[in-house]
Amino acid sequence: PGSTVKTVADVDGEHLESREFPAPTRGGIRLMLVATDKSKPAASANPPVSGTVTIGSQSRVVVQPNDENVEFYYLLDVSNTNTNPVIPTTPFVISLPKSASGTTIMEGSSPLAKVKGTSIVLDGPIPSGHTFVQAAYMLSGEGGTIDLAQKFPATIEQLAIVVKKVGDTTLSSPQIKDVREMPADNDVFLAGQGGELKAGQPLLLTISGFPHHSSAPRTIALVLAVAIAAIG
C-alpha cells in the first residue's frame, strides 16, 4: 500500500502502459488498457454517418466538497458501437450550471473534448469505439447544500455517483437506488448507483451536510462598509 505502481501489457505486438499511480491503502482501482482492434478497418476508411452514442456504464460523476467550493468531475466513456464515425443527431453538448466556474478538460480526455463558455462539447464525428471525456468544474458551497439538475446529451447506461464524505455529508437523489459508504486512502466516499438515465432527462442530486464557511461575517462587513461610506 502506498507504493507507486503501473500496469503494462503487450497485445499483438502493441505495447500498452498506464501512468504511474499510488497503490491504495484500502479498496481498489479499476484500470483499463485499450489495445487497437486490428480486425476492424481503419477509421479513416469509413465515412462518418448520422447516429447516436451512449455514455457507458463505466462512467462516473465524482463530487468533492471543500471549504468554500464543491468540485464536480464528469468521467465519461462515450461509446459508439457503429463501425463508422458518428455525427450525433443531437450535438454532444453538456450545458453546466450558470454559476459553474473553473471548467476544464482533464488529462486523458479525447482531443475532441473542449470547453466552450459554460459548456463541455465533444466535437464530431465521434470515432468508433470508446471516446473519453473527463471534465471538472466548481460550484459555490455556501450554505452546506448543493442541488444539481444536470442534463446529458446521450443516454447514460448506468448511473454511478461518488461523493467524498466530509463531516456529515449526505447524498440523495430520486434516481439513485442505493448509497453505500466506501473507505479508501484514509477517506470515506459515498457511492450511489442507479439505472439507465435517458438523454435529456436531468440527473437530480442533493449533496448536503458538508462543512462550509458562513457568509454572515462577509455580509456584515459589506453592510458596515456601505454604512460608513453613506455616513461619510
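Read on for an overview of the structure.

Cut-offs used in this document
- Residues numbered from 1 in each chain as written.
- Predicted model: local features only at pLDDT ≥ 70, side-chain atom pairs only at ≥ 80, totals over all residues.
- Heavy atoms only, no water.
- Helix = DSSP H or I, 4+ residues; strand = E, 2+ residues; numbered from the N terminus.
- Polar contact = N/O pair within 3.5 Å; in protein donor to acceptor, adjacent residues only side chain to side chain.
- Contact = heavy atoms within 4.5 Å.
- Buried < 20%, exposed > 50% of the residue type's maximum accessible area, 1.4 Å probe, protein only.
- Pairing = 2+ DSSP bridges.
- Axes fitted to C-alpha atoms, helices over the stretch in contact; angles between N-to-C directions.
- Phe/Tyr/Trp six-rings, centres within 6.5 Å; stacked < 30°, edge-to-face > 60°.
- Salt bridge = Lys/Arg side-chain N within 4 Å of Asp/Glu carboxyl O.
- Core = buried A, V, L, I, M, F, W, Y, C linked by side-chain atoms within 4.5 Å.

1. Let's talk about the side chain of Thr169
By secondary structure assignment, the location of Thr169 is in the loop between strand 17 (160-164) and strand 18 (170-172). Polar contacts involving the side chain of Thr169 include one to the main-chain carbonyl oxygen of Val166, which spans 2.6 Å. For Thr169, the residues in contact, after removing those within four places along its chain, are Pro65, Val163, Lys164, Leu190, Ile207, Ser208, Gly209 and Phe210.

2. A closer look at the environment of Leu75
Mapping Leu75 onto the fold places it in strand 8 (residues 69-80). Of the residues examined, Leu75 reaches a relative accessible area of 26% and is grouped as partly exposed. Excluding residues within four positions of it along the chain, Leu75 makes contact with Ser59, Arg60, Val62, Met106, Val133 and Gln134.

3. Focus: the sheet that holds strand 18
Spatially, 15-21-18 is the arrangement adopted by the 3 strands of the open sheet, whose pairing is antiparallel. The open sheet has two free edges, formed respectively by strand 15 (145-150) and strand 18, since each of these has just one partner strand. Along the sheet, successive strands turn relative to each other by an average axial angle of 15°, direction set aside. Pairing between strand 18 and strand 21 (residues 203-208): 3 bridges, direction antiparallel. Bridge pairing links Ser172 to Thr206 in strand 21.

4. Observations regarding the packing of aromatic side chains
Two descriptors summarise a pair of aromatic rings, namely the distance from one centre to the other and the angle between the planes of the rings. Here the structure, examined in full by the defined rule, presents 3 aromatic pairs. Look at Tyr74 and Tyr137: their rings are 5.5 Å apart centre to centre, the planes differ by 80°, and that puts the pair in the edge-to-face class. Highlighted residues: Tyr74 in strand 8 and Tyr137 in strand 14 (residues 129-140), separated in sequence by 63 residues. Assessed through its relative accessible area of 1%, Tyr137 is described here as buried. Taken together, Phe72, Tyr74, Tyr137 and Phe152 form an aromatic cluster joined through their ring pairs.

5. Examining the pattern of salt bridges
A complete count under the given rule lists 8 salt bridges for this structure. Note that Lys165 and Glu181 form a salt bridge whose closest N and O atoms lie 2.6 Å from each other. Residue Lys165 is located in the loop between strand 17 and strand 18, and its partner Glu181 is located in strand 19 (residues 176-184); the two are separated by 16 residues in the primary sequence. One network of salt bridges, in which partners are shared, links Lys114, Lys116 and Asp123.

6. Considerations on the nonpolar core
Across soluble globular proteins, nonpolar side chains show a tendency to be buried alongside one another. Among the nonpolar cores identified, the biggest contains 38 residues, and Phe72, Tyr74 and Phe152 are the most heavily contacted of them. Among the elements of the structure, strand 7 (60-65), strand 8, strand 13 (119-122), strand 14, strand 15, strand 17 and strand 21 are those that each provide at least two residues to this core. Top element by residues in this core is strand 8. It accounts for 5 residues. Residues contacting Tyr74, with those up to four places away along its chain left out, are Arg60, Val61, Ile94, Leu96, Ile120, Val133, Gln134, Ala135, Tyr137, Leu148, Gln150 and Phe152.

7. What about the sheet that holds strand 10 (residues 93-95)?
One open sheet holds the 3 strands; their spatial order is 10-13-12, and the pairing between them is antiparallel. Of all the strands in the sheet, the pair left with one neighbour each is strand 10 and strand 12 (113-116). Each neighbouring strand pair of the sheet contributes to a mean axis angle of 20°, computed without reference to strand direction. Direction of pairing for strand 12 relative to strand 13: antiparallel, over a ladder of 4 bridges. In the strand pairing of strand 13, Lys116 is matched with Ser119.

8. As for the pairing of strand 14
Pairing of strand 8 with strand 14, which is carried by 12 bridges, proceeds in the antiparallel orientation. The partner of Val78 across the bridge, within strand 14, is Thr131.

9. Some remarks on unusual backbone geometry
The amide bond that connects Gly124 to the next residue, Pro125, takes the cis arrangement and shows omega of 0°. Here Pro125 shows up in the loop between strand 13 and strand 14.

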